[in-house]
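Close look at the chain arrangement
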Amino acid sequence: MKVALVNGAPHEKGCTYTALCEVAKILNEEGIETEIFWIGNKPLGGCIACKACINKGECVFDDSVNRFREIAETADGFVFGTPVHYSAASGNLTSFMDRLFYSDLCGRGNKTFYMKPAACVVSARRAGTTATFDQINKYFTIQEMPVVSSRYWNMVHGAKAEEVAEDKEGLYTMRVLARNMAFILRCKDAALKNGIELPKKEAAVFTNFIR
């Protein structure tokens, strides 16, 4: 089994990376393979609602979004990490997730992420973590992904990686998250091997509030 961890920070090996490494370390100890994917710090444009992904099967803009999709297809679970920028996820990660999830939903019928456990990790110097935590979790719930929890909200604090390393409670929260993720993955694997099928899918229904 494999978990893909996404680093949505502009700094490749900063605070967010430190938190993700703590998660990855425990997942590896639990026998789960991991891969940390950095989205980079080049500007990522947002979704332009062109809907070309319906026919293309991927985003029309060929950048880190499509490169990560190749990893995502073989992953069994996900952890998305971001620093807090103005009480929200980083701009690049927001654009990345908008396009990644929308193009999968429209272009692939949600085949990449459906019923795969997911979690988010948030890093901040001081505040804005819970708003960011709520923002990222919404991507998972609209894609029918089980959200893996920890003992506390998945956050670490520090202005630099060395300070995050001193956040004992934050790192403890990362370790609990990793063990919970490993457990959920094993439960799903055991269920499928014993004939328990994934939920029956029903055709989506779309309505507008204004007709």
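Details of the nonpolar core
Side chains of a nonpolar character, in soluble globular proteins, are inclined to be buried together. Residues Phe68, Phe78, Phe80, Phe96 and Phe140 are the most contacted members of the largest nonpolar core, which totals 30 residues. Elements that contribute at least two residues to this core include exactly strand E1 (2-7), helix H3 (64-74), strand E3 (77-83), helix H4 (91-107), strand E4 (118-124) and helix H5 (129-142). Ranked by residue count, the leading element in this core is H4, at 5 residues. The residues touching phenylalanine 80, leaving out its near neighbours within four places in the chain, are Val6, Phe68, Phe96, Met97, Leu100, Phe101, Ala119, Cys120, Val121, Ile136 and Phe140. In this structure, Ala19, Val164, Leu171 and Met181 belong to the second largest nonpolar core, which totals 23 residues.

Concerning the pattern of salt bridges
A full pass over the atoms with the stated rule returns 6 salt bridges. Arginine 175 serves as the salt-bridge partner of glutamate 22, at 2.9 Å between the closest nitrogen and oxygen. Placement of glutamate 22 in helix H1 (residues 15-29) and of arginine 175 in helix H7 (residues 168-193) is noted, with a sequence separation of 153 residues between them. Residue glutamate 22 is classed as buried on the basis of its relative accessible area, which comes to 12%. The class of arginine 175 is partly exposed, set by a relative accessible area of 24%. Lysine 193 is the partner of aspartate 189 in a salt bridge, and the nearest nitrogen-oxygen pair spans 3.0 Å. Taken as a pair, aspartate 189 and lysine 193 lie in helix H7 at a separation of 4 residues, close to a single helical turn. Residues participating in the shared-partner salt-bridge network are Glu22, Lys25 and Arg175.

Regarding the side chain of serine 123
Along the chain, serine 123 falls in strand E4. A relative accessible area of 4% means that serine 123 is categorised as buried. Residue contacts for serine 123: discarding those within four places in its chain leaves Cys15, Thr16, Thr82, Pro83, Val84 and Val156.

Some points on H7
Taking 1.5 Å of rise per residue, the 26 residues of H7 would be expected to cover 38 Å, and the 38 Å separating its terminal C-alpha atoms lies within 8% of that figure. Residues of H7 that are buried: Gly170, Leu171, Thr173, Met174, Val176, Leu177, Ala178, Met181, Ala182 and Leu185. If you follow the buried residues of H7, they end up packed against E1, H1, E3, E4, strand E5 (155-157) and helix H6 (161-164). Phi turns positive one or two residues past the end of H7, at glycine 195, with a value near 85 degrees.

A closer look at the sheet that holds E3
Spatially, E2-E1-E3-E4-E5 is the arrangement adopted by the 5 strands of the open sheet, whose pairing is parallel. Among the strands making up the open sheet, the edge pair consists of strand E2 (33-38) and E5. Ignoring strand direction, the axes of neighbouring strands in this sheet form an average angle of 15 degrees. Here 5 bridges tie E1 to E3, and the two strands are oriented parallel to one another. The residue of E3 that forms the bridge with valine 3 is glycine 77. Packed onto the sheet, H5 meets E3, E4 and E5 and runs at close to 155 degrees relative to E4.

The rules we used
Residues numbered from 1 in each chain as written. Predicted model: local features only at pLDDT ≥ 70, side-chain atom pairs only at ≥ 80, totals over all residues. Heavy atoms only, no water. Core = buried A, V, L, I, M, F, W, Y, C linked by side-chain atoms within 4.5 Å. Buried < 20%, exposed > 50% of the residue type's maximum accessible area, 1.4 Å probe, protein only. Helix = DSSP H or I, 4+ residues; strand = E, 2+ residues; numbered from the N terminus. Contact = heavy atoms within 4.5 Å. Salt bridge = Lys/Arg side-chain N within 4 Å of Asp/Glu carboxyl O. Expected span 1.5 Å × (residues − 1). Pairing = 2+ DSSP bridges. Axes fitted to C-alpha atoms, helices over the stretch in contact; angles between N-to-C directions.

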